[in-house]
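Chain by chain, the residues:
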Amino acid sequence: MAIFVLGDTHLSLGTSKPMDVFQGWEGYLSKLEDNWRKLVGPQDTVVVNGDVSWAMKLEDTREDFAFLDSLPGKKKYLMKGNHDYWWTTMKKMQTYLADQGFSTLDFLFNNAHLVEGVWLCGTRGWMFDQGEVHDRKVIDRETGRLRLSLAAAQGPEEKVCFLHYPPLFGTSSTPEILEVMKEYGVRRCYYGHLHGKSIRCGVQGEVDGIQYRLTSADGLGFCPLKI
């Protein structure tokens, strides 16, 4: 039994959005599925940390969710990314999963899940220019959500943090997110969002006691990462 992470799946099986939306993504769905089936077992857990589906409405996610539900893994925890416009309230999303019979899917949002002796925690995050009113509101909200998630992880087990936006990018950072991770003793952080040329600016390795790893699908060669 193991835990894997793979972000930015950008599924579009039930929409008119083209599958190959980024350079280098040609035929990516078959690569993703092949790699997933080779690595992930039926008792394993996978975190999809944002940009799960291009669907605009929750009901339009059916084919994308069915695809994820059909892949190996006891549980797949979905997180919100900046392109997940279908995202709504937890109650509506959980009801939808139950109604559709997607038994392996769940959400990591304002909560924490204890899996294989570690707590899975996280939120979408934010990375844009600070100082703007909208940015300040979003940062405050995302910081609060991360705190809720980490506070829900009750117990001595390690708290592993998953974000969609990178908390560090080049010489920039979101200090509020960093401070909350440090406050709760986070030692590992996995993030996505970066594609193409921006991957090279993603921070990888240890910074101030926290190990960072980029997990966007193309950043990982469309291959789930075992953590």
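Okay, so let's go over this structure. (Residues numbered from 1 in each chain as written. Predicted model: local features only at pLDDT ≥ 70, side-chain atom pairs only at ≥ 80, totals over all residues. Heavy atoms only, no water.)

### Some details on the pattern of salt bridges
- For the structure shown, the criterion picks out 9 salt bridges.
- Asp140 serves as the salt-bridge partner of Arg136, at 3.2 Å between the closest nitrogen and oxygen. Placement of both Arg136 and Asp140 in helix H4 (residues 133-152) is noted, with a separation of 4 residues, approximately one turn of the helix.
- Look at Asp140 and you get partly exposed, because its relative accessible area is 44%.
- Between Arg188 and Glu158 there is a salt bridge, with its nearest N and O atoms 2.9 Å apart. Taken together, the positions of Arg188 in strand E10 (residues 188-191) and Glu158 in strand E7 (residues 158-163) put the pair 30 residues apart, joining distant regions of the chain. (Salt bridge = Lys/Arg side-chain N within 4 Å of Asp/Glu carboxyl O. Helix = DSSP H or I, 4+ residues; strand = E, 2+ residues; numbered from the N terminus. Buried < 20%, exposed > 50% of the residue type's maximum accessible area, 1.4 Å probe, protein only.)

### What to know about helix H2 (residues 62-70)
- By the burial criterion, the buried members of H2 are Asp64, Phe65, Phe67, Leu68 and Asp69.
- Those residues of H2 that are buried lie in contact with helix H1 (28-39), strand E3 (75-78), helix H3 (90-100) and strand E4 (105-107). (Contact = heavy atoms within 4.5 Å.)

### What to know about the packing of aromatic side chains
- Going through the model one piece at a time under the given rule, you end up with 11 aromatic pairs.
- For the pair Trp25 and Phe222, a centre-to-centre distance of 5.0 Å together with 90° between the ring planes defines the contact as edge-to-face. A residue pair is termed long-range when its members are at least 10 positions apart, and Trp25 in the loop between strand E1 (3-5) and H1 and Phe222 in the loop between strand E12 (210-214) and strand E13 (225-226) qualify at 197 residues.
- In this structure Trp25 comes out as buried when scored by relative accessible area, which is 0%.
- Looking at Phe222, the relative accessible area reads 6%, which means it is buried.
- Seen from their ring centres, Phe65 and Trp86 are 5.2 Å apart, and the 85° between their planes marks the pair as edge-to-face. Within this pair, whereas Phe65 is found in helix H2, its partner Trp86 is found in the loop between E3 and H3, the two being separated by 21 residues in sequence. (Phe/Tyr/Trp six-rings, centres within 6.5 Å; stacked < 30°, edge-to-face > 60°.)

Everything listed here is a matter of coordinates, which is why it stays silent on function.
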